[in-house]
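The residues making up each chain are set out below.
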Amino acid sequence: MKSHTHYLWFNTKRRQEILDITDVVAEQVGASGVREGLVLVSAMHITASVFVNDHESGLWQDILDGLEGTIAPWAPERYRHNETGEDNAAAHLRSLTIGHEVLVPITDGKLDLGPWQRVFYGEWDGQRKKRVIVKVLGA
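Attention in this report is confined to the structure presented alongside it.

Rules used in this analysis
Residues numbered from 1 in each chain as written. Predicted model: local features only at pLDDT ≥ 70, side-chain atom pairs only at ≥ 80, totals over all residues. Heavy atoms only, no water. Buried < 20%, exposed > 50% of the residue type's maximum accessible area, 1.4 Å probe, protein only. Helix = DSSP H or I, 4+ residues; strand = E, 2+ residues; numbered from the N terminus. Pairing = 2+ DSSP bridges. Phe/Tyr/Trp six-rings, centres within 6.5 Å; stacked < 30°, edge-to-face > 60°. Axes fitted to C-alpha atoms, helices over the stretch in contact; angles between N-to-C directions. Contact = heavy atoms within 4.5 Å. Core = buried A, V, L, I, M, F, W, Y, C linked by side-chain atoms within 4.5 Å.

**So, the pairing of strand β7 (residues 117-123)**
β7 sits mainly inside the fold: five of its seven residues count as buried. Where strand β2 (residues 17-20) meets β7, four bridges bridge the pair, whose relative direction is antiparallel. Counted as the bridge partner of E17 is E123 from β7. Here seven bridges tie strand β4 (residues 48-54) to β7, and the two strands are oriented antiparallel to one another. For N53, the partnering residue across the bridge sits in β7 and is R118.

**Some remarks on helix α3 (residues 89-98)**
Residue pairs spaced three or four apart in an α-helix point in one direction, given the helix's 3.6 residues per turn. Looking at α3, one finds that the buried residues are A89, A90, A91, H92, R94 and S95. Residue G99 follows α3 closely and has a positive phi angle near 100°.

**Details of the packing of aromatic side chains**
All told, the structure shown has three aromatic pairs when counted by the stated rule. Between F10 and Y121 the ring centres are 4.3 Å apart and the planes differ by 10°, which places this aromatic pair in the stacked class. With a gap of 111 residues between them, F10 in strand β1 (residues 2-10) and Y121 in strand β7 connect regions that are remote in the sequence. Grouping residues by exposure puts F10 and Y121 together as buried.

**Notes on the sheet that holds β2**
Sheet architecture is open: three strands sit in the order β2-β7-β4, paired in antiparallel fashion. Sheet topology places β2 and β4 at the edges, where each strand pairs with a single neighbour. Averaged over all pairs of adjacent strands, the angle between their axes in this sheet comes to 30°, without regard to strand direction.

**Here's the deal with the sheet that holds strand β8 (residues 130-138)**
One open sheet holds the five strands; their spatial order is β1-β8-β3-β5-β6, and the pairing between them is antiparallel. Strands with a single pairing partner mark the edges of an open sheet, and in this sheet they are β1 and β6 (110-111). Relative to strand β5 (residues 101-107), strand β3 (residues 37-43) is paired through six bridges, and the arrangement is antiparallel. For S42, the partnering residue across the bridge sits in β5 and is E101. Of the strands in this sheet, β1, β3, β5, β6 and β8 are in contact with helix α1 (residues 22-32), which crosses β1 at around 150°.

**With respect to the pairing of β5**
A regular strand carries its side chains on alternate faces of the sheet. Covered by surrounding structure in β5 are V102, V104 and I106 only, the residues E101, L103, P105 and T107 on the alternate face being uncovered. When β5 meets β6, the two strands line up antiparallel, connected through two bridges. Directly across from T107, in β6, lies its bridge partner K110. A loop of two residues connects β5 with β6, the two strands running antiparallel in sequence, and D108 in this loop sits at a positive phi of about 55°.

**Here's the deal with the nonpolar core**
I21, V39 and V41 are the most contacted members of the largest nonpolar core, which totals 20 residues. Every element with two or more residues in this core is listed here: β1, α1, β3, β4, β5, β7 and β8. Those residues within four positions of I21 in sequence are excluded, and the remaining contacts are L8, F10, V41, V119, F120 and Y121. Counting eight residues, the second largest nonpolar core, distinct from the first, contains I18, I63, L67 and W124.

What follows is the structure in structure tokens.
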């Protein structure tokens, strides 16, 4: 079995942002030499997410609006976690809701995604340095 590990670093311009990281993940799959296997892409911070969805700006705004309006509004006074001096409880809840990692199949040396699927990094408490692990495993 082959394995390959690579870290992606992000320091977003906005506190909340969605970034398409598919091409960078695909590059790491290629660099790994794995022809058949899986790639794990995982946010290594508890206020960020990795997810698979459609690359469409209206959908991204719908995701951000849904998180703000329904799931976890950015209202620091609302959360017990913020009584510790933090103000990012909503970011923790958003990460739990969206998830922090994905597994993507590798077939014939390439990401095996559906026709509209892309891999995204979701930042819910940004403007500081964070990382994502890309772990490729297979034969």
